[in-house]
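Listed here are the chains, written in short residue letters.
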Amino acid sequence: MLLSAVFITILVRLSQAVEYLKLTDESLNSTDELSPGIFGTGQEPTEFAYLQRQPSITGVCDGVKQLVCDSCSTFRVCLGTVNGQDLTIACPTDQPYCNYGATTDYCSATPIPNICTDASQNAIFTCPAIGTFPDPTNCRIYHGCSSVGQTSSIYTCPTGYVFNAVLELCALENVFSRCVTLQCSGNFVGHVRYGQSQRFYGLCDGTGQAPIMYKCPNRANFAFIAGSTFGECSYLCPAQGNYPNSNDPATYFQCFWANRRLRYNLVHCPVGLTFNSRLQYCT
């Protein structure tokens, strides 16, 4: 009788264990609730991969056309056939794509087939730091950078998603995650903040084209300098010591006490070395 009771108890426990494993497996594979942020898709979603771009637009004035496409979103006014005599202008926001024409190129709401899928796809993006960056003119893509100075990889958000500056990933577009774009006006030279972000900002170079994107390192916020159109990133030291620069592994923040305040210097490692967070020096 005792053996029978023990046997039944074992069967019950085994049954409960099997049900628990089933529930655990279902919960791990469930897609009913999406995480707040998701990765965009590129050629290799798990790595920083180069997007296969179409041939770039030359924008050469040939003596026939009045206007020629200089990029997917800008056109050149042909004032002559000698370099330096022409003028480059950005297409307006309601007609963001430059299109080919017979006697003149023109701006349109439709991109050039097989060459331009959006106003910024053919734009050169040289990585100013490591990590992800929003695109200044297209909130439904973002740029991935694995090393400073390389060409960025472009990732596309799923339908209904936009780049979220807080998550630094794609998020469902709603009142908490809005589509943000930047446009430099006229000959303005200076920085512009990316929406309400405390880390991302752009640089307008006076050409009226889309700004160059930058971001502050971890533990740093962007703020405008008083009386200037320019701003800077201010790093907040957690304590005295050396701390990594998330934007560039070849540099680090050296935090120290001075006049009863924590201050910092940005230190560059010797050529070929990177900062080791565990050892707190360059290796």
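Residues numbered from 1 in each chain as written. Predicted model: local features only at pLDDT ≥ 70, side-chain atom pairs only at ≥ 80, totals over all residues. Heavy atoms only, no water.

- Under the annotation held in an unreviewed UniProt entry, the protein carries the name Chitin-binding type-2 domain-containing protein and is attributed to Anopheles coluzzii.

**Describing the overall build of the protein**
- The number of helices and strands found in the protein is one helix and 20 strands.
- Buried residues in the protein amount to 34% of all 283 residues.
- Sequence separation of 24 or more characterises 39% of the internal contacts of the protein that already satisfy a separation of 6 or more.
- Of the roughly 17300 Å² of accessible surface on the protein, 57% is carried by carbon and sulfur atoms. (Helix = DSSP H or I, 4+ residues; strand = E, 2+ residues; numbered from the N terminus. Buried < 20%, exposed > 50% of the residue type's maximum accessible area, 1.4 Å probe, protein only. Contact = heavy atoms within 4.5 Å. Areas by Shrake-Rupley, 256 points an atom, 1.4 Å probe, with all protein chains shown as cover.)

**A look at the state of the cysteines**
- The full count for this structure, using the stated rule, is 10 disulfides.
- Across the disulfide from Cys 184 sits Cys 204; the S-S distance is 2.0 Å. With the S-S bond torsion at -85 degrees, the cross-link from Cys 184 to Cys 204 turns out left-handed. You can see Cys 184 sitting in the loop between strand E10 (169–172) and strand E11 (189–193) and its partner Cys 204 sitting in strand E12 (residues 200–205), a full 20 residues away along the chain. Grouping residues by exposure puts Cys 184 and Cys 204 together as buried. (Disulfide = S-S within 2.5 Å.)

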